[in-house]
Amino acid sequence: MPPPDDPDEFHDHQLVGLRVVSVGGSDLGTVARIDHAPASDLIVLDKSDGGTALIPFVRQIVPTVDLAGGRVVVDPPEGLLDL
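The structure contained in this document is the topic of the report that follows. (Residues numbered from 1 in each chain as written. Predicted model: local features only at pLDDT ≥ 70, side-chain atom pairs only at ≥ 80, totals over all residues. Heavy atoms only, no water.)

What follows concerns the environment of threonine 64. Within the secondary structure layout, threonine 64 lies in strand β5 (residues 64-66). Each C-alpha atom, one on threonine 64 and one on aspartate 41, is 15 Å from the other, the two residues being 23 residues apart in sequence. Residues in contact with threonine 64, not counting those within four places in the same chain, are Arg71, Val72 and Val73. (Helix = DSSP H or I, 4+ residues; strand = E, 2+ residues; numbered from the N terminus. Contact = heavy atoms within 4.5 Å.)

So, about the packing of aromatic side chains. Counted by the stated rule, this structure contains one aromatic pair. Taking 6.4 Å as the distance between ring centres and 10 degrees as the angle between the ring planes, the aromatic pair formed by phenylalanine 10 and phenylalanine 57 counts as stacked. With a gap of 47 residues between them, phenylalanine 10 in the segment before α1 (12-15) and phenylalanine 57 in the loop between β4 (52-56) and β5 connect regions that are remote in the sequence. A relative accessible area of 21% places phenylalanine 10 in the partly exposed class. Residue classification places phenylalanine 57 among the partly exposed residues on the basis of a relative accessible area of 22%. (Phe/Tyr/Trp six-rings, centres within 6.5 Å; stacked < 30°, edge-to-face > 60°. Buried < 20%, exposed > 50% of the residue type's maximum accessible area, 1.4 Å probe, protein only.)

Examined against the element boundaries, serine 40 turns out to sit in the loop between β2 (27-36) and β3 (41-47). Looking at serine 40, the relative accessible area reads 19%, which means it is buried. Serine 40 has contacts with Asp35, Pro56, Phe57 and Val58, leaving out every residue within four places of it along the chain.

Ordered in space as β4-β3-β2-β1-β6-β5, the six strands form an open sheet in which the pairing is mixed. Every interior strand has two partners, whereas the edge strands, β4 and β5, have only one. With strand direction ignored, the average angle separating the axes of adjacent strands in the sheet is 35 degrees. In the sheet, β2 pairs with β3 via seven bridges, with the strands oriented antiparallel. Across the sheet, residue glycine 29 finds its bridge partner in β3, namely lysine 47. (Pairing = 2+ DSSP bridges. Axes fitted to C-alpha atoms, helices over the stretch in contact; angles between N-to-C directions.)

We now examine the environment of leucine 15. Relative to the elements of secondary structure, leucine 15 occurs in helix α1. Using a relative accessible area of 3% as the deciding quantity, one classes leucine 15 as buried. C-alpha separation for the pair leucine 15 and arginine 33, spaced 18 residues apart in sequence, amounts to 7.6 Å. Residue contacts for leucine 15: discarding those within four places in its chain leaves Phe10, Val31, Ile34, Phe57, Val65 and Leu67.

Bear in mind that shape data such as this cannot, by itself, settle questions of function.
What follows is the structure, encoded as structure tokens:
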């Protein structure tokens, strides 16, 4: 399947398995899957320290998707990953 024409769009299979890191470089886990919710898509994060978290896939929280580097950079609001 060819990549989308829009550089800000991705196929789910391109994201699953990518490392998720904070803007400061801390390892947070990996992308388990993408859930498609009415308000926004959600990254389902398999957290490095166990459990899962949902991260809204919006530019304010996910500023960088680096497919070549195999990572997604996130800047979650305080407490989001603790829910």
